[in-house]
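Breakdown of the fold
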Amino acid sequence: MAEQFDEFVQELERDIRQEKFLKIWNMHGKKIIYGVAVLLIAIASYIIWQNYDSGRRTRLSQKFTGAQELVINGKTDQAIDVLRELTTSGSTYQSLSKFLLAALLREPGAKQDLPGALQLYEALSTDAQLTPSQRDFARLMAVSLRMANQESPDELLEKLKPLLAEKNPWHLQAMELQGVLLSQKGENMQDAEVFAKITRDSHVSQALLTRSQVMAQVLLQDAPASAEKPQQDKPLAKELAKQ
């Protein structure tokens with residue numbers, strides 16, 4: 001008898017739980033289904049986007065590599081067309097493509113575009129997504145292009161100032177431009193001293209070392225004769241002769 005009573009109580013509890021569940025389901029069932037559906041759609045969308053983004057990155061990588069191969073094979077015009085597309089890709093290859101495109105637009109040829117190259121370098125020099133070193137390189141290239149346009153040496157020397165700090169990775173290249181600009185201004189001895197200073201740097205490349213030695217010697221020879229000249233350039237000339 002007691003066992004039958006226990007079974008009756010258990011069945012009653014089950015009925016009550018089922019009735020409560022049905023009541024809750026009738027009230028909130030649609031919301032639950034909608035919430036689960038939204039969650040599943042979000043997960044599926046994320047997976048699809050990951051696959052798409054991965055495929056897109058692969059395609060962009062192949063495109064950029066293809067542009068480099070075109071440059072190596074001397075097909076510069078075709079490479080420029082490919083790189084122009086990549087500069088608007090909104091990917092990590094966008095900045096790399098701008099650097100390579102700017103370099104190609106400087107080269108003589110049917111598609112040479114110095115104003116376009118300058119515009120790219122100016123944009124890269126203020127791109128917050130780039131490293132300070134990359135931005136400084138873009139500034140250096142922009143100054144070199146402005147020098148080709150024969151802009152004011154004083155203004156360009158001002159633009160070079162931040163790049164001349166010894167801790168800057170491009171300070172030797174910036175000094176080379178500084179020496180040329182000083183020469184354009186007619187700053188005798190100062191320009192030669194700048195090139196001589198480059199030759200003293202232990203990290204200078206062989207190509208830059210050779211150029212600087214030649215420039216310093218030429219500038220010393222071309223300096224106008226004066227009463228002060230022998231005292232100023234004699235030690236510098238001896239130093240260059242020893243190198």
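Residues numbered from 1 in each chain as written. Predicted model: local features only at pLDDT ≥ 70, side-chain atom pairs only at ≥ 80, totals over all residues. Heavy atoms only, no water.

**Examining the packing of helix α5 (residues 132–148) against helix α7 (residues 171–185)**
Convention followed: Axis geometry follows a simple rule: fit a line to the C-alpha atoms, using only the stretch in contact for helices, then measure angles between N-to-C directions, giving values from 0 to 180 degrees. Counting from the N terminus, the helices are DSSP H or I runs at least four residues long and the strands are E runs at least two residues long. The cut-offs work like this: below 35 degrees is roughly parallel, past 145 is roughly antiparallel, 65 to 115 is roughly perpendicular, and the gaps in between are oblique. The hand of a helix crossing depends on one turn: near helix anticlockwise from the far one by less than a right angle means left-handed, and clockwise means right-handed. Contacts are assigned to residue pairs that have any heavy atoms within 4.5 Å of one another. Three residue categories are used. Nonpolar comprises Ala, Val, Leu, Ile, Met, Phe, Trp, Tyr, Cys and Pro, charged comprises Asp, Glu, Lys and Arg, and polar comprises the others, including Gly.
Direction vectors running N to C along α5 and α7 enclose 20 degrees, while the axes themselves pass 11 Å from each other. Considering their axes alone, α5 and α7 lie roughly parallel with respect to each other. In the crossing of α5 with α7, the sense of the turn from one axis to the other is left-handed. Two secondary-structure elements touch here, α5 through Leu140, Val143, Ser144 and Met147 and α7 through Gln173, Ala174, Leu177, Val180 and Leu181. Across the contact of α5 with α7, the residue classes tally to seven nonpolar, two polar and no charged.

**Comments concerning the environment of Leu182**
Note the cut-off: Summary of the burial criterion: residues with accessible area below 20% of their type's maximum are buried, those above 50% are exposed, and those between are partly exposed, where the area comes from a 1.4 Å probe applied to protein chains only.
Inspection of the secondary structure assignment puts Leu182 in helix α7. Overall, the relative accessible area of 8% leaves Leu182 in the buried class. C-alpha separation for the pair Leu182 and Leu157, spaced 25 residues apart in sequence, amounts to 8.4 Å. Beyond its immediate sequence surroundings of up to four residues, Leu182 is in contact with Leu157, Glu187, Gln190, Asp191 and Val194.

**Some words on the confidence of the model for the protein chain**
We count it as follows: pLDDT gives the predictor's per-residue confidence on a scale running from 0 to 100.
Taken residue by residue, the protein chain gives an average pLDDT of 78. The fraction at 70 or more is 67%. When the criterion is pLDDT under 50, residues 225–232 qualifies, and its contacts beyond four places in sequence or with other chains add up to six contacts.

**What about the side chain of Glu176?**
The cut-off we apply is this: Whenever a nitrogen or oxygen atom comes within 3.5 Å of another N or O atom, the pair is scored as a polar contact, on the condition that within protein one atom can donate a hydrogen and the other can accept it, and that pairs from neighbouring residues in sequence are kept only if both atoms are in side chains.
Its place among the elements puts Glu176 in helix α7. Only 2.6 Å separates the side chain of Glu176 from the side chain of Arg211, close enough to count as a polar contact. With sequence-adjacent residues up to four places away left out, Glu176 is seen in contact with Phe195, Ile198, Leu208 and Arg211.

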